Amino acid sequence: MTTTESSEMIKYASNAFLATKIFFINEMANICERVGARVEEVAKGMGLDHRISDKFLNAGIGYGGSCFPILKIC
C-alpha cells in the first residue's frame, strides 16, 4: 500500500526509467553501427544480466506516448 502521490511518482519514475532503457539501447545501436558490432547480440548479452533483463532492450524507433504496458509481477 502507498499514498496516491507516491503511486503517481512510482508510475512516472518507472516510465522514465523504461524510456531511458530504450534511449540507451538505441544509442548502443548507433555505436554498434560505427564499430561493426551487432546491437542484437549486445542487447542479448546485456539481457542475460538479471539486474538489467532483456525487457525494453530492443533497438528501434522508440516509443510513443507517456505510458508503458503494466508488467505483471508474479
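Everything quoted here is computed from the prediction, not taken from an experiment. (Residues numbered from 1 in each chain as written. Predicted model: local features only at pLDDT ≥ 70, side-chain atom pairs only at ≥ 80, totals over all residues. Heavy atoms only, no water.)

Asker: Before we move on, could you go through the overall build of the protein and cite the residues and values that matter?
Answerer: On a plain count of helices and strands, the protein comes out with 2 helices and 0 strands. The proportion of buried residues among the 74 residues of the protein is 22%. Intrachain contacts of the protein at a sequence separation of at least 6 include 57% that bridge at least 24 residues. Total accessible area computed for the protein in this model is approximately 6100 Å², and 61% of it derives from carbon and sulfur atoms. (Helix = DSSP H or I, 4+ residues; strand = E, 2+ residues; numbered from the N terminus. Buried < 20%, exposed > 50% of the residue type's maximum accessible area, 1.4 Å probe, protein only. Contact = heavy atoms within 4.5 Å. Areas by Shrake-Rupley, 256 points an atom, 1.4 Å probe, with all protein chains shown as cover.)

Asker: Give a description of the pattern of salt bridges that names residues and reports values.
Answerer: Tallying each qualifying case throughout the model produces 3 salt bridges. Taking the shortest distance from any N to any O, the salt bridge between Glu40 and Arg38 comes out at 4.0 Å. With relative accessibility at 49%, the residue Arg38 sits in the partly exposed group. Across the pair Arg51 and Asp49 runs a salt bridge whose closest N-O atoms are separated by 2.5 Å. Members of the salt-bridge network, linked through shared partners, are Arg38, Glu40 and Glu41. (Salt bridge = Lys/Arg side-chain N within 4 Å of Asp/Glu carboxyl O.)

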